[in-house]
Amino acid sequence: MKVATVEEMREMDRRAAEEFGIAQEILMENAGLAATSVLDGQIGIQGKRFVLFCGVGNNGGDGFVVARKICSLGGETLVFIVGSAKKFKGAAKANYQILKNLPCEMKEITSAAEVRRQVMHSHGIIDALLGTGLDREVAGLHREVIELINKSGKSVLSLDIPSGVNGNTGAVMGTAVRADWTVTFGLPKLGNLLYPGYDLGGGLYVTNISFPPSLCEDAALRNAINDDITLPPRNPDAYKGSVGDVLFIAGSASYYGAPYFSALSLLKAGGGYARLAAPKAMAPFIAQKGSEIVFIPQKETEKGSIALANQERLLTLADKMDMVVIGPGLSLEQETQQLVRELVAGIGKPVLIDGDGITAICANLGLLQKRKPPTILTPHLGEMARLTGKSKEEVAANRVEILHKTARHLNAV
């Protein structure tokens with residue numbers, strides 16, 4: 001499934017109207033209908049009372065549709081508008097006018113304290129405050145309302161994204177609603193899936209609000225989540241040599257856990273051979289815990305890391321493997337870092353580069369561009385910072401865009 005930025009979602013809305021004649025009112029109606037369906041399935045609606053906090057943008061308009069649907073299903077609603085109703089436009093304004101004609105209590109509020117009693121006597125809260133377009137810190141009345149929601153102990157359904165979460169980065173903009181469920185519209189947004197936003201969204205539901213497939217599957221949408229992978233059935237006649245033979249080049253003095261866990265992970269996943277090329281002094285100790293691993297002891301540097309003298313032997317062995325993993329716990333020893341660069345350049349099989357292996361290639365990123373077999377990097381925040389020359393804080397604040405820029409840079413090296 002594709003994942004959209006806030007800007008991409010706005011463009012999809014525009015194209016839906018201009019190219020396909022799908023009015024904003026239709027999109028909003030479908031969004032509200034889907035959210036109401038989730039609410040009914042999770043809590044039940046008939047005979048229950050719900051408080052809706054609606055902002056003055058389209059997210060508030062979605063909330064008005066939900067309020068109308070709740071009433072039609074036998075529930076009771078209290079709609080509190082956070083802001084001036086004079087600011088409503090387009091489909092949001094149209095749904096506001098409709099709700100005014102129905103027996104639904106609705107009013108603008110000036111403080112969270114004035115509605116605390118109604119919140120505490122409700123069966124649930126619908127968060128339709130801010131939506132995905134938030135680009136500044138939450139303050140004032142919006143902050144008060146979010147704090148009231150979070151302290152209420154009530155079940156919370158957020159529309160599109162928990163209010164206070166940045167739609168592009170998942171960052172909390174000062175404060176944010178902690179939802180039990182989130183119904184996001186059209187496509188999931190980056191902020192729905194990136195932490196801490198993901199952690200605040202509760203159960204995530206994605207609903208198509210009448211966008212045609214050509215919009216939802218457009219190649220211009222650069223981000224996507226993986227489809228579920230169905231593992232093939234294991235051949236009853238399989239043997240260890242037929243289900244994966246992987247070489248792990250890992251470990252150094254004092255770093256026993258990284259090579260052990262990486263090699264063992266292949267076997268736990270159903271792989272056949274996990275061959276661990278580690279410094280010879282550490283092999284007996286790892287073997288006490290992981291006797292299933294095949295050990296290939298390596299010559300060591302004075303500091304107990306894998307020596308450059310192992311290069312030719314490792315290249316020869318790698319040529320016989322299905323895949324090579326290089327880097328876990330290798331250390332930052334200069335000679336071993338040089339070995340990593342030589343191996344990445346010379347191995348003709350798929351390679352996964354992790355940990356200290358990533359630090360090694362930071363000195364020559366052109367090695368990656370020259371490789372033809374598949375190459376996978378698994379950087380944590382600090383390693384991504386070293387790859388990009390940015391601070392960890394910069395990377396954390398804009399992970400996806402920095403990832404795209406780094407990929408473009410590597411392709412141009």
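Below you will find a few notes about this structure. Just so it is clear, the model here is predicted, and its values are computed rather than measured.

Here we come to empty space enclosed by the protein. Scanning the model with the defined rule gives one cavity of 30 Å³ or more in all. In this structure, the largest cavity is lined by P162, T182, G191, N192, G197, Y198, G201, G202 and L204. For the lining of the largest cavity, the elements supplying multiple residues, two or more each, are α7 (190–193) and α8 (197–200). Here the lining of the largest cavity is composed, by residue class, of three nonpolar, six polar and no charged.

This next bit is on the packing of helix α2 (residues 24–42) against helix α3 (residues 58–72). Remark: α2 packs on α3, axes separated minimally by 8 Å, with the N-to-C direction vectors making an angle of 55°. If you check the angle between α2 and α3, you find them oblique. Crossing handedness for the pair α2 and α3: right-handed. Across the interface between the two elements, Q24, M28, E29, A31, G32, L33, A35, T36 and L39 of α2 pack against N58, G61, D62, V65, V66, R68, K69 and I70 of α3. Residues of the contact of α2 with α3, tallied by class, amount to eight nonpolar, five polar and four charged.

Attention now moves to the sheet that holds strand β6 (residues 156–159). The strand order β4-β3-β2-β5-β6-β7-β8 describes an open sheet built from seven strands, whose pairing is parallel. Edge strands, defined here as strands with exactly one partner in the open sheet, are β4 (105–108) and β8 (203–207). Strand after strand, the sheet turns through a mean of 20° between neighbouring axes, direction not considered. Pairing between strand β3 (residues 76–81) and β4: four bridges, direction parallel. Note that in β4 the partner of L78 across the bridge is E105. α2 rests against β2 (49–54), β5 (124–128), β6, β7 (181–185) and β8 of the sheet, and its axis sits at about 160° to β7.

As a further point, take the state of the cysteines. For the structure shown, the criterion picks out zero disulfides. Here C54 stays unpaired: no disulfide links it, and the sulfur of C104, its closest cysteine neighbor, is 11 Å away. Judged by its relative accessible area of 0%, C54 is buried. Classification of C104 as buried rests on a relative accessible area of 10%.

Of note, Y239 is situated in the loop between β9 (223–224) and β10 (245–249). Considered as a pair, Y239 and Y273 are 34 residues apart in the sequence and their alpha carbons are 10.0 Å apart.

What counts and what doesn't
Residues numbered from 1 in each chain as written. Predicted model: local features only at pLDDT ≥ 70, side-chain atom pairs only at ≥ 80, totals over all residues. Heavy atoms only, no water. 1 Å grid on protein atoms, 1.4 Å probe; cavity = no way out; pocket = protein on both sides within 12 Å on 5 of 7 lines; lining within 4 Å. Points joined across faces, edges and corners; volume = space filled by probe spheres on them. Helix = DSSP H or I, 4+ residues; strand = E, 2+ residues; numbered from the N terminus. Nonpolar A, V, L, I, M, F, W, Y, C, P; charged D, E, K, R; others polar. Axes fitted to C-alpha atoms, helices over the stretch in contact; angles between N-to-C directions. Parallel < 35°, antiparallel > 145°, perpendicular 65-115°, else oblique. Left-handed = near helix turned anticlockwise from the far one by under 90°. Contact = heavy atoms within 4.5 Å. Pairing = 2+ DSSP bridges. Disulfide = S-S within 2.5 Å. Buried < 20%, exposed > 50% of the residue type's maximum accessible area, 1.4 Å probe, protein only.

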